[in-house]
Amino acid sequence: KEVFIVSKLAIFGGPKAVQSDPKDIFTWPIITKEDEDAALEVLRRGGMSATDVTIKFEEEFADWQGTKYALAFNNGTASLQAAMYGCGVGVGDEIICPSVTYWASAIQVFSLGGTVVFAEVDPDTLCLDPKDIEHRISDRTKAIMVVHYLGHPADMDPIMEIAKKHNLKVIEDVSHAQGGLYKGRKLGTIGDVAAMSLMSGKSLAIGEGGMLVTDDREIYERAVVLGHYEKFNDSFETEYLKPYTGLPMGGYKYRMHQISSAVGRVQLKYYDERCEEIRKAMNYFWDLLEGVPGLKAHR
């Protein structure tokens, strides 16, 4: 470990520990010629509103995530709404959501005729506190929305136990934590369905977009009929949906723009190795602060 000894702290006029311009240290997302070429290929052939690149991205994302299905959306907000709809949330239903999160984790439930019930967060993880869920469950509760906030995994084991006990669906919002792990399991593979933003401010940043992942065929097909009418075809297995084949049941058009899909395919190729470098940097940061009174590593 390196130790810096200065006579006066920078805040009091002493020398700065970091002399470089922050913009020279870290820029995210990392955009290379490969990303640019992928985007230009879509532009030059006029394929912006097609789905061929998006379908490839979905297949690669599902393989990386370790789920049977992945469905690409125009943004994370839409993917989270589709996750709610996929779980059957509708008029009069409630979802339980952590009280610390971005509004897109919850507010779309109102468009489905449901209601948000807020629960407390754990003060250390800033994620949904399992101890504050059960007394908020009513006969109208349909699902629990779990947000892996600021990249920190929520405590999924007790949450899943509560959900199983009360026959509730669990939705994981992985917008802050793509590729994160909980006890060796990739976030987004533990609940019934997961959804996430892939916008430029996120760790897996593709420009603008969202992704829904699940192993549940019914949830996947319900998510399709909400906003992907062009995929609502004779391949469907959910019996009660078959009579409506081809109809836009949600009335939404939520497909991902193919420039985002093209950039997403490139970003996904290098994402794990780039995350590994970020983890090294974060651990270096916290290791140097080990033992400082009043500080606790958030990792």
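Residues numbered from 1 in each chain as written. Predicted model: local features only at pLDDT ≥ 70, side-chain atom pairs only at ≥ 80, totals over all residues. Heavy atoms only, no water.

**Focus on the layout of surface pockets**
Any empty space left between atoms is shown by rolling a water-sized probe over those atoms.
No. 1: Each pocket or cavity is described by its volume, and for the largest pocket that value is around 780 Å³.
No. 2: Looking at the largest pocket, it is lined by 22 residues, and the ones nearest its centre are L150, G151, I278, R279 and M282. (1 Å grid on protein atoms, 1.4 Å probe; cavity = no way out; pocket = protein on both sides within 12 Å on 5 of 7 lines; lining within 4 Å. Points joined across faces, edges and corners; volume = space filled by probe spheres on them.)

**Structural notes on empty space enclosed by the protein**
No. 1: If you walk through the whole model with that rule in mind, you get one cavity of 30 Å³ or more.
No. 2: Empty space within the largest cavity amounts to approximately 30 Å³.
No. 3: As for the largest cavity, its lining consists of A50, T51, T54, E58, A72, H228, K231, R255 and M256.
No. 4: In the lining of the largest cavity, the residues fall into three nonpolar, three polar and three charged. (Nonpolar A, V, L, I, M, F, W, Y, C, P; charged D, E, K, R; others polar.)

**Regarding the pattern of salt bridges**
No. 1: For the structure on display, the rule yields 19 salt bridges.
No. 2: For D93, the salt bridge identified is with K142, shortest N-O distance 3.1 Å. Taken together, the positions of D93 in the loop between α4 (76–86) and β2 (94–98) and K142 in strand β4 (residues 141–147) put the pair 49 residues apart, joining distant regions of the chain.
No. 3: Accessibility expressed as a relative area gives 14% for D93, which makes it buried.
No. 4: Residues E134 and K165 are paired through a salt bridge, measuring 2.8 Å at the closest nitrogen-oxygen approach. Of this pair, E134 sits in the loop between β3 (115–119) and β4 while K165 sits in helix α5 (residues 156–166); the two residues are 31 residues apart in sequence, bridging distant segments of the chain.
No. 5: Under the relative-accessibility criterion, E134 is labelled partly exposed at 32%. (Salt bridge = Lys/Arg side-chain N within 4 Å of Asp/Glu carboxyl O. Helix = DSSP H or I, 4+ residues; strand = E, 2+ residues; numbered from the N terminus. Buried < 20%, exposed > 50% of the residue type's maximum accessible area, 1.4 Å probe, protein only.)

**Points about unusual backbone geometry**
No. 1: The residue after W28, namely P29, is reached through a cis peptide bond having omega 0°.
No. 2: Inspection of the secondary structure puts P29 in the loop between α1 (22–25) and α2 (33–44).
No. 3: Of note in the backbone geometry, L126 takes a positive phi value of approximately 65° without being a glycine.
No. 4: Residue placement: L126 occurs in the loop between β3 and β4.
No. 5: Even without being glycine, N167 reaches a positive phi, approximately 55°.
No. 6: Positionally, N167 belongs in the loop between α5 and β5 (169–173).

**Here's the deal with the environment of V116**
No. 1: Tracing the backbone through its elements, the reader meets V116 in strand β3.
No. 2: Between the C-alpha atoms of V116 and M249, which are 133 residues apart in sequence, the distance is 23 Å.
No. 3: With sequence-adjacent residues up to four places away left out, V116 is seen in contact with I95, C97, A106, V109 and F110. (Contact = heavy atoms within 4.5 Å.)

**Observations regarding α2**
No. 1: Taking 1.5 Å of rise per residue, twelve residues should cover 16 Å, and α2 covers 16 Å from first to last C-alpha, within 8% of that figure.
No. 2: Of all the positions in α2, only D35, A38, A39 and V42 are classed as buried. Viewed end-on, α2 has its buried residues packed into an arc of 95°, placing them on one side of the element. Every exposed residue of α2 that faces more than 90 degrees away from the buried side is listed here: K33 and R44.
No. 3: Residues of α2 that are buried sit in contact with α3 (52–65) and α7 (258–288). (Expected span 1.5 Å × (residues − 1). Arc of directions from axis to C-beta.)

**Section: the environment of E36**
No. 1: If you trace the backbone, E36 turns up in helix α2.
No. 2: Among the residues examined, E36 registers a relative accessible area of 43% and is labelled partly exposed.
No. 3: Sequence separation between E36 and E208 is 172 residues, and the spatial gap between their C-alpha atoms is 15 Å.

**Examining the side chain of H152**
No. 1: With respect to the helices, strands and loops of the structure, H152 is situated in the loop between β4 and α5.
No. 2: Contacts of H152, omitting those with residues within four sequence positions, involve T125, C127, H298 and R299.

**Some remarks on the packing of α4 against helix α6 (residues 217–227)**
No. 1: Contact geometry for α4 and α6: axes closest at 8 Å, N-to-C directions at 125°. In this view, α4 runs oblique relative to α6, as classed from their interaxial angle. In terms of crossing hand, the pair formed by α4 and α6 is right-handed. Across the interface between the two elements, Q81, A82, Y85 and G86 from α4 touch I219, R222, A223, V225 and L226 from α6.
No. 2: A class-by-class count of the residues in the contact of α4 with α6 yields six nonpolar, two polar and one charged. (Axes fitted to C-alpha atoms, helices over the stretch in contact; angles between N-to-C directions. Parallel < 35°, antiparallel > 145°, perpendicular 65-115°, else oblique. Left-handed = near helix turned anticlockwise from the far one by under 90°.)

**Concerning the pairing of strand β8 (residues 193–197)**
No. 1: Taken across its five residues, β8 has five buried, putting it largely inside the fold.
No. 2: Here β5 pairs with β8 via three bridges, running parallel. What sits directly across from I171, in β8, is V193. (Pairing = 2+ DSSP bridges.)

**Examining the sheet that holds β5**
No. 1: Reading across from one edge, β1-β9-β8-β5-β4-β2-β3 is the order of the seven strands in this open sheet, with mixed pairing throughout. With partners counted over all chains shown, the strands left at the sheet margins are β1 (69–73) and β3, one partner each. On average, each strand axis in the sheet is tilted by 25° relative to the strand beside it, whichever way the strands run.
No. 2: Pairing of β1 with strand β9 (residues 210–214) involves five bridges; the strand directions are antiparallel. Residue pairing for β9: A72 is matched across the bridge by M211.

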